[in-house]
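# Remarks on the overall topology
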Amino acid sequence: MSVTLEEISAALDAAADARPVGRVPVLACRRPAARTREHAFHQWVLSVDGGHLHWTGQTEHGSPVLWFRSVRESVYRLAFRLHHGRAPHGQVRWSCDYQGCVAGEHLTDRVIRAQAAAGARP
Ligand SMILES: [Zn+2]
């Protein structure tokens, strides 16, 4: 089962409403400075049912991007590298049905897709 953007938005609103009066809403706060690119990545993702990760950070032309120490990186490529322990080859695509998922295990590169295609052949 997947969670819709509306459900995530409603959950964030409910969390903001549940906060004691007089405190600064979390969404308006600056996040603590990330020590590493991986730490920065985890500050901007939400876990979604099914093992998916939903990106809540910056996007450019609809694609999630992360700026860390003045260097911009595609979140798909970063998530792939963090999970697989190597840089992706070619375009990174998600293999699950959650649009925009940034869970590393749900991302494929040219090498993984070629291996899957070879394995699928009779
Ligand atoms: Zn996914």
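Keep in mind it's a predicted model, so treat the numbers as computed, not measured.

### What to know about the overall build of the chain
Check the secondary structure of the chain and you find four helices and seven strands. Looking at the chain residue by residue over its 122 residues, the buried ones come to 18%. Counted over contacts in the chain with a minimum sequence separation of 6, partners at least 24 positions apart contribute 43%.

### Focus: the pairing of strand β1 (residues 45-48)
Pairing geometry for β1 and strand β2 (residues 52-55), over four bridges, is antiparallel. Counted as the bridge partner of Val-45 is Trp-55 from β2. Joining the antiparallel neighbours β1 and β2 is a turn of three residues, in which Gly-50 adopts a positive phi near 100 degrees.

### Considering the environment of Arg-113
The topology assignment puts Arg-113 in helix α4 (residues 110-120). Spatially, the C-alpha atom of Arg-113 lies 9.5 Å from that of Arg-93, the residues being 20 residues apart in sequence.

### A word on the sheet that holds strand β5 (residues 71-74)
Taken together, three strands build an open sheet; the order of strands is β3-β4-β5 and the sheet is antiparallel. The two strands at the open ends of the sheet, each matched to only one other strand, are β3 (59-60) and β5. As judged from the two bridges shared by β3 and strand β4 (residues 63-68), these two strands associate in the antiparallel manner. The residue bridging Glu-60 from the neighbouring strand is Ser-63, located in β4. Strands β4 and β5 of the sheet are contacted by helix α3 (residues 75-84), whose axis makes an angle of about 80 degrees with β5.

Each value, and the rule that gives it
Residues numbered from 1 in each chain as written. Predicted model: local features only at pLDDT ≥ 70, side-chain atom pairs only at ≥ 80, totals over all residues. Helix = DSSP H or I, 4+ residues; strand = E, 2+ residues; numbered from the N terminus. Buried ≥ 20, exposed ≤ 12 C-beta atoms within 10 Å, placed from the backbone. Contact = placed C-beta atoms within 7 Å. Pairing = 2+ DSSP bridges. Axes fitted to C-alpha atoms, helices over the stretch in contact; angles between N-to-C directions.

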